[in-house]
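What the coordinates show
Okay, here's what each chain looks like letter by letter:
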Amino acid sequence: MSQRDDVAALLDGLRVLDLSTRSGGAFCAKLLADLGADVVKVEGPARGDPVRDEPPLLPGLPPTAQSSLHQFVNANKRSLALDLTRAAGREVFRDLLKTADLVVETHRPGVLAAHGLGFDDLRAVRPDVVLVSITPYGQRGPRAADEGDDIVCQAASGLLYLSGELGGVPTHLPLYQAELTAGRYAAVAALGLTLEDERTAHHVDVSIAESMATVPPWHILYYTYLGVVIGWTRTRSYKAPMDGDFLRCQDGHVCLTTIGGKSLEEWVIAFDLPELLTEGFDVPRSRVEHWERLQELFEARLGDVTRTEFFAQMAQEGFVVGIVQSPGDLLACPHLGARQAFSTAVAEGQPLLRLPGPGFLLDGASPAPTVRAAPTLGQHSQEILAGELGYAPGTIARLRDEGVVAAAAAGGR
Amino acid sequence: MSHRRPLEGVRVVTVEDYLVLPHATVLLAGLGAEVIRVESDARVFSRANGPFPEGQASEDWWNHGSSYHSWYRGKQSLVLNLATPEGRAVFLRLVDRCDVLAENLRYGSFARLGLDYEALRARKPDLVVLSCTGFGHTGPWRAYGAVARTIDALSGMSFVSGAADGLPLRGNPSYMDVTGGLNIAMALLAALRRRKRTGQGCRIDLAMYESGAQCVGQAIVEAQHGLTRERMGNAHPAKAPHGCYPCAGRDQWLALSIRSDAEWQAMKEAMGRPAWADDPRFDRADGRLAHRAELDGQLGTWTAQHPAAELAARLRAAGLAAAAVQHAKDVVLDAQFRGRGFVQRIDHADPHLGPRLYPGLPYQVDGQAVELAEAPRMGEHNDAVLQGLLELPPEDIADLQARRIIASAPARRDAVGLYSPVAIDLDQQVTVGDVVEIDPAYRERLYG
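Notes on the structure follow. (Residues numbered from 1 in each chain as written. Chains lettered and ligands numbered in written order. Predicted model: local features only at pLDDT ≥ 70, side-chain atom pairs only at ≥ 80, totals over all residues. Heavy atoms only, no water.)

This part is about helix 7 (residues 148-155) of chain B. Of all eight residues in helix 7 of chain B, eight are buried, a share of seventy percent or more. Residues Ala148(B), Arg149(B), Thr150(B), Ile151(B), Asp152(B), Ala153(B), Leu154(B) and Ser155(B) constitute the buried set of helix 7 of chain B. (Buried < 20%, exposed > 50% of the residue type's maximum accessible area, 1.4 Å probe, protein only. Helix = DSSP H or I, 4+ residues; strand = E, 2+ residues; numbered from the N terminus.)

Structure representation (structure tokens):
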């Protein structure tokens, strides 16, 4: 339901089974869903994906769908609540697998195989399946079995060391950025493998820590090219101060950057700041050493300017600038509105929810204007078992009675 | 990868600079696509941006920048002046033989070159055309310039990053390049999949700003339910302890996340049950969250007595999520990254480069790391493309060369603005605290 009706969705006909219990795997499958894949979230009948329990929980939503993280990363999927630890559950899974192109999972290495659902087991059922595994350190190597949460993966990657205030504690990129980055890499690799002319089974093994180690490659290159270990004084740039530093204005913060084509003379004119030249800031080194003075000079000019005034005026004049917006500010952004950048997530009996879309326009329109809201646990068990796998009512009843399957009542509660 | 790679036979022409699109096309090259970068001899940002070997820009520095060699692996180089009619004619012939055309010039630049997306698609209906800019090609902000840093601020990422009592934080100067690049790759692969089934081309208009919004999707959901995601440093709304804790030595840290009461008990055991940790207020998650400051303080005092790597190993052995906060040298020498083949060695034939290590791709296929070929010298594939692919007669190629419509070196070898290829002044960097360590034995350590 995520497509316009005049053109085929990009990933029409691609079916994904999402076994994830971490947000990175869930996000990987969600990205594919937004481009038109049919994603079935296969989750335990008792609690479901642990992401469902991740706070904050939002009152007013159905009990198993209250997590804000769940509403984001599990949007546009259907939920089948199925116990894969039981033989009868695995039997159902194998039936479903016959219809699937991709399986996404985030268990510790070896866990799926221990349940008879390892890569070799899956390919025996579906010879061209692509299994995508996302774990902190990957499937093999000395630390493959180790635990790692988002901040821990950011630490191992080298990214965390470079992030934070001058002289302060390394500070992570919040909201599960390592998981999200790994999820994007996973989706790219998996999607690529489905483009083979003659499809065969593949196992994609994504490391969350390595995903973040690709982000700022320079720190690695400084070491491998000249033996220098760089701290970059955390976030402050070493060669272009004021380059993205935040400056206080009337109602928040703006950021300037010296990259992007404007000369210092043009900054002098725009801000009426002859000091930029008279105090020697035309030399980059001087900007590095005296950034506090630079900040003082600029902030004196920004005190009675609002973020939006600043942004409109400077950007129209061709300066590359930014303003600090809150996530809530984005919902009111006229530009994002004009571009239909948000998908509308719909669920019966729930208020409409806007979610960031795939990040691009396809032939001038959103690829995913309307999506399903994240499902309640087992919301689609019945339609998948009866409608798609063709199970008889008696079989479904038995699976439910035995607790192998859970099916939410109609209406999603 | 030993198997035939999935994008073999797919040809991509890309007019790219900076990082966002180059990151996407590296991924396509890794999947087997033939990626031809059409580059300018006047705008050489990507080639001028170091660091250079041993911090010294050589005579022909444009073939030696490490960031160039990292982000342009697996591609071909055609230096072609698109500002001339002859250059454009060659470009159009090349587009005719490609499946994908991608560009990340500023909004309007492509049109000013006389290149029009709709005309290109009319010429070749199954072409997949992608543009990437900060804000996309529609909407009121379409003509505004952007770089990853400003997108970080605009997208909400900076707002949610940083200490509770501090300023918003741009956590990483290039994160938005990587997120945008990944979304470009995804869009192109999805478009190629549909094209394979239906023969249909398409136009993709990607905005980095919207990829940024995706990064804070959870907080955007919360905002619609009246919750504002506040900055909270390294803390987590449901997990404590969660953060970076100081360790023995200068600027040494341990990252730790305790995700359950059982993990807290295991943590206590691993610490040897210090008296402060036996406080019953800390037994349950709600108590640890309510007394987070006290808990973090006590824990930080304890961690400060131990070396980070040793502590991380001890805690991981106890089944906990912990790691030393590693810097570049740690990452390059890390047994896990090395063992998996994430850190890749390229033995450059060019003696000015020699052997060098690079970060690879963070995924393996069927147990194999993805190999990426060395980045091309400037104009290395001029002949292969013009003669081999486009079948231009040698005299035409010589003519293009003579008129500098094709080239194999920058038009100007000196100034290229902010990113002039100057040697790095290490003393200066030590002054401002940027250099943590200079390892004089790094060559033997890495390449010996």
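After presenting the structure, the write-up continues.
Another point: the environment of Ala191(B). Relative to the assigned elements, Ala191(B) resides in helix 9 (residues 175-198). In this structure the C-alpha to C-alpha distance between Ala191(B) and Ala83(B), which are 108 residues apart in sequence, comes to 29 Å. Filtering out sequence-adjacent residues up to four positions away, Ala191(B) remains in contact with Leu10(A), Val128(B), Cys202(B) and Ile204(B). (Contact = heavy atoms within 4.5 Å.)

Backbone-to-backbone hydrogen bonds pair the strands of a sheet. The strands run either parallel or antiparallel. The strand order across the open sheet built from seven strands is 13(A)-6(B)-5(B)-4(B)-1(B)-2(B)-3(B), with neighbouring strands paired in mixed fashion. Both edges of this open sheet fall to strand 13 (360-362) of chain A together with strand 3 (75-79) of chain B, since each of them pairs with a single strand only. Ignoring strand direction, the axes of neighbouring strands in this sheet form an average angle of 20°. In this fold helix 9 of chain B packs onto strand 13 of chain A together with strand 4 (100-103), strand 5 (128-133) and strand 6 (202-207) of chain B, with an angle of close to 165° to the strand it touches most, strand 6 of chain B. (Pairing = 2+ DSSP bridges. Axes fitted to C-alpha atoms, helices over the stretch in contact; angles between N-to-C directions.)

Facing the 169 residues of chain B at the interface are 159 residues of chain A. In this assembly, chain B packs against chain A so that about 14000 Å² is buried in total across both faces, 64% of it on carbon and sulfur atoms. Linking chain B to chain A there are ten salt bridges. The shortest N-O distance in the salt bridge between Arg121(B) and Asp363(A) comes to 3.1 Å. Taken together, the links from chain B to chain A amount to 64 residue pairs in polar contact (both at pLDDT 80 or more). Note: strand 6 (residues 202-207) of chain A against strand 12 (residues 363-365) of chain B, three bridges, orientation antiparallel. The partner of Val206(A) across the bridge, within strand 12 of chain B, is Tyr363(B). (Buried area = accessible area lost by both parts, 1.4 Å probe. Salt bridge = Lys/Arg side-chain N within 4 Å of Asp/Glu carboxyl O. Polar contact = N/O pair within 3.5 Å; in protein donor to acceptor, adjacent residues only side chain to side chain.)

This next bit is on the packing of helix 7 of chain B against helix 10 (residues 208-215) of chain B. Residues and elements named next belong to chain B. Between helix 7 and helix 10, whose axes approach to 9 Å, the crossing angle comes to 50°. Between helix 7 and helix 10, the angle is such that the two are oblique. Classified by chirality, the crossing of helix 10 by helix 7 is right-handed. When helix 7 is examined against helix 10, the residues Ala-148, Ile-151, Leu-154 and Ser-155 are found in contact with a partner set consisting of Met-208, Tyr-209, Gly-212 and Ala-213. Split by residue class, the contact of helix 7 with helix 10 holds six nonpolar, two polar and no charged. (Parallel < 35°, antiparallel > 145°, perpendicular 65-115°, else oblique. Left-handed = near helix turned anticlockwise from the far one by under 90°. Nonpolar A, V, L, I, M, F, W, Y, C, P; charged D, E, K, R; others polar.)

Let us look at the nonpolar core. If you look at the biggest cluster of nonpolar residues, it comprises 186 residues, and the most contacted ones within it are Phe310(A) and Ile204(B). If one sorts the elements of this core by residue count, helix 9 of chain B sits on top with 13 residues. In terms of nonpolar packing, the next biggest core, distinct from the first, is built from 30 residues, Val38(B), Leu78(B), Leu101(B) and Leu389(B) among them. (Core = buried A, V, L, I, M, F, W, Y, C linked by side-chain atoms within 4.5 Å.)

Let's shift gears to the layout of surface pockets. Considering only enclosed or pocket space, the second largest pocket measures out at about 710 Å³ in volume. Lining the second largest pocket are 28 residues, and of these Thr21(A), Arg22(A), Pro50(A), Lys239(B) and Arg259(B) sit closest to its centre. Of the residues belonging to the lining of the second largest pocket, the class tally is ten nonpolar, six polar and twelve charged. (1 Å grid on protein atoms, 1.4 Å probe; cavity = no way out; pocket = protein on both sides within 12 Å on 5 of 7 lines; lining within 4 Å. Points joined across faces, edges and corners; volume = space filled by probe spheres on them.)

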